[in-house]
Amino acid sequence: MKRTFWTPTLVLTSLLAFSQAGHGLEADRLQATTIDANQMTYNEKSNVTVFTGNVLLTRGSLVIRGEKLTLTETADGNQLAKVEGSPARFKQQRDSQVKSDVLLISGTGEMIEFDGNKSVVTLTGKASIEKSANGQLTESISGSKITYEQNTEFLNVVGAPNSAGKTRVQAVIKPKTQGQAQ
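Residues numbered from 1 in each chain as written. Predicted model: local features only at pLDDT ≥ 70, side-chain atom pairs only at ≥ 80, totals over all residues. Heavy atoms only, no water.

Looking at this structure, I do not really get the pairing of strand β6 (residues 103-115). What am I missing?
Pairing of strand β5 (residues 79-94) with β6, which is carried by 12 bridges, proceeds in the antiparallel orientation. By the bridge assignment, Lys-82 is partnered in β6 with Glu-113. With 11 bridges joining them, β6 and strand β7 (residues 120-133) adopt antiparallel strand pairing. The partner of Leu-104 across the bridge, within β7, is Ser-132. (Pairing = 2+ DSSP bridges. Helix = DSSP H or I, 4+ residues; strand = E, 2+ residues; numbered from the N terminus.)

The following block contains the structure:
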């Protein structure tokens, strides 16, 4: 089957579906993905699409911003996305068991990578992830590299060098009050 220029968009749509189950709104999976940028190039032979210049990707409550978005589908069908920026950012509303709660997760890094087959998100370079509930910060984690494995809900953080040259991870976790969503 001959691929078309729209194949990368379909690849990205399925690639981003993995991030919805672990953190995002279930309804986001049903939304169309829109990518706005100053420029787009597509190499049909290598299955690589590159969006550059003020890149904005939206899909339901998911918003990703960066300077460059590279979408790749390998010969074995693995789907990869890489967002670069100063910093690259993502934000998404999360599902809540309490209807009135507004839960958000956001992250920044100089690069954000999504591996669709492995369901892994990696943030590198001044990486941070924050969770909030109803506008109040509940958790924040920072380091030089954060890897989140969605299928196993495993998080690995590599520290960033401090002024003394030692690598350190920083996590801030606020105590939960009774009835507060996770």
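Once you've had a look at it, read on.
Help me understand unusual backbone geometry, please; the structure alone is not making it clear to me.
Apart from glycine, the bulk of residues carry a negative phi angle, and the bulk of peptide bonds sit in the trans form. Of the consecutive residues Ser-86 and Pro-87, the connecting peptide bond is found in the cis state with omega at 0°. Tracing the chain through its elements places Pro-87 in strand β5. Non-glycine residue Lys-126 carries a positive phi angle of around 50°. With respect to the element layout, Lys-126 can be found in strand β7.

Honestly, the nonpolar core in this entry has me stumped. Any pointers?
Soluble, globular proteins show a tendency: their nonpolar side chains are buried together. With 21 residues, the main nonpolar core has Ile-35, Ile-64, Leu-69, Val-83, Ile-112, Phe-114 and Leu-123 as its most contacted residues. Looking at this core, the elements that each hand over two or more residues are β3 (48-59), β4 (62-73), β5, β6, β7 and β8 (136-149). Excluding anything up to four places from it in sequence, Leu-123 contacts Phe-90, Gly-107, Thr-108, Gly-109, Met-111, Ile-112, Ser-128, Ile-129, Ser-144, Lys-145 and Ile-146. (Core = buried A, V, L, I, M, F, W, Y, C linked by side-chain atoms within 4.5 Å. Buried < 20%, exposed > 50% of the residue type's maximum accessible area, 1.4 Å probe, protein only. Contact = heavy atoms within 4.5 Å.)

Can you help me understand the pairing of β7 in this one?
Along any regular strand, the residues point their side chains to alternate faces of the sheet. Taking burial as the measure, the 14 residues of β7 include 11 buried ones, the bulk of the element. What sits between the antiparallel neighbours β6 and β7 is a turn of four residues, in which Ser-119 has the positive phi angle 55°. Where β7 folds back onto β8 in an antiparallel hairpin, the turn is made up of two residues, including Asn-134, whose phi is positive at roughly 50°.

Would you explain the environment of Pro-87 in this entry?
When its relative accessible area of 30% is taken as the criterion, Pro-87 is described as partly exposed. Counting along the chain gives 21 residues from Pro-87 to Thr-108, while the straight-line C-alpha distance between them is 6.0 Å. Residues within four places of Pro-87 in sequence aside, it is in contact with Thr-108 and Gly-109.

What should I look at first to understand the environment of Val-158 in this one?
Tracing the sequence through the fold places Val-158 in strand β9 (residues 154-158). A residue is classified by how much of its surface remains accessible, and Val-158, at 38% relative accessible area, is partly exposed. Taking the C-alpha atoms as reference, Val-158 lies 5.6 Å from Gly-143; in sequence the two are 15 residues apart. Among all residues touching Val-158, those that are not within four sequence positions of it are Gly-143, Ser-144, Lys-145 and Val-169.

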